[in-house]
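Summary of structural features
The chain contents come next:
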Amino acid sequence: MPRIDLDAIAQTNATGYPAPYADIVAGRWVRRLGPASDLSDFGVSHVVLKPGAASSHRHWHEDEDEFVVMLAGEAVLVEEDGRTLLRAGDMAAFPKGEPNGHHLVNESDADCTFLAFGRPPTGDCHYADIDMRWSGGQYRHKDGSGF
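These notes cover the structure that comes with them. (Residues numbered from 1 in each chain as written. Predicted model: local features only at pLDDT ≥ 70, side-chain atom pairs only at ≥ 80, totals over all residues. Heavy atoms only, no water.)

1. A short note on the nonpolar core
- If you look at the biggest cluster of nonpolar residues, it comprises 14 residues, and the most contacted ones within it are Leu49, Met70, Leu104 and Phe114.
- Among the secondary structure elements, those contributing two or more residues to this core are strand S2 (43-49), strand S4 (66-72), strand S5 (74-79), strand S7 (91-94) and strand S9 (112-118).
- Residue contacts for methionine 70: discarding those within four places in its chain leaves Ala75, Leu86, Arg87, Ala88, Gly89, Asp90, Leu104, Cys112, Thr113 and Phe114.
- Membership of the second largest hydrophobic core comes to eight residues, among which are Ala22, Tyr127, Ile130 and Met132. (Core = buried A, V, L, I, M, F, W, Y, C linked by side-chain atoms within 4.5 Å. Buried < 20%, exposed > 50% of the residue type's maximum accessible area, 1.4 Å probe, protein only. Helix = DSSP H or I, 4+ residues; strand = E, 2+ residues; numbered from the N terminus. Contact = heavy atoms within 4.5 Å.)

Structure follows, in structure tokens:
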């Protein structure tokens, strides 16, 4: 297996979130390792969160398992049951279909880095704290209307 050269993979902070909800991830920088490594069964992303940034809005997927491994720094895992500090070496799993809205927030003064494993979801994604959901391949308000 060839070594993955992170510097050779484009890093982006682009988001598909509609304008009212995009700011929370402005400091999230992602490298998609799956496509760069010819993986097709699951995705892997190398994520850097700048201080104050979040990985996403709190969400859960109907049909996608998610798994994260902290590599460096620290982030707070915010979920339905509260807040948990994650540091390098810590891991967290989010089974598909479990309505536990979650995300990581960097509340420290330094970057944090983690790997996120999953796959592109085909089902709905629910956002716990905002009027948004992912459905039918696009972001919508919870009532189903578009942005």
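2. Looking at the side chain of asparagine 100
- Mapping asparagine 100 onto the fold places it in the loop between S7 and strand S8 (103-105).
- In this structure asparagine 100 comes out as buried when scored by relative accessible area, which is 13%.
- Among the polar contacts listed, one links the side chain of asparagine 100 to the backbone nitrogen of glutamate 80, at a separation of 3.0 Å.
- Among all residues touching asparagine 100, those that are not within four sequence positions of it are His59, Trp60, Glu79 and Glu80. (Polar contact = N/O pair within 3.5 Å; in protein donor to acceptor, adjacent residues only side chain to side chain.)

3. Section: the packing of aromatic side chains
- In this structure the tally under the stated criterion is six aromatic pairs.
- Here tyrosine 127 and tyrosine 139 contribute two aromatic rings whose centre-to-centre distance is 6.3 Å and whose plane-to-plane angle is 55°, an arrangement assigned as tilted. With tyrosine 127 in strand S10 (residues 125-127) and tyrosine 139 in strand S12 (residues 138-140), this pair connects stretches of sequence that are twelve residues apart.
- Accessibility expressed as a relative area gives 6% for tyrosine 127, which makes it buried.
- Taking 4.8 Å as the distance between ring centres and 70° as the angle between the ring planes, the aromatic pair formed by tryptophan 134 and tyrosine 139 counts as edge-to-face.
- Among the aromatic residues, ring-to-ring pairing joins Tyr17, Tyr127, Trp134 and Tyr139 into one connected group. (Phe/Tyr/Trp six-rings, centres within 6.5 Å; stacked < 30°, edge-to-face > 60°.)

4. With respect to the sheet that holds strand S11 (residues 133-135)
- Across the sheet, four strands lie side by side as S3-S10-S11-S12; this open sheet has antiparallel pairing. Strand pairing shows two members of the sheet lacking a second neighbour, strand S3 (59-61) and S12, which therefore form its edges. Put simply, the sheet's adjacent strands are angled 25° from each other on average, direction ignored. (Pairing = 2+ DSSP bridges. Axes fitted to C-alpha atoms, helices over the stretch in contact; angles between N-to-C directions.)

5. Some thoughts on the sheet that holds S4
- If you walk across this open sheet you meet the five strands as S1-S2-S9-S4-S7, and the pairing is antiparallel. Each having just a single partner strand, strand S1 (28-32) and S7 make up the two edges of the open sheet. Shown here is a sheet whose adjacent strand axes are inclined to one another by a mean of 20°, direction ignored.

Any link to function would need more than the numbers given here.
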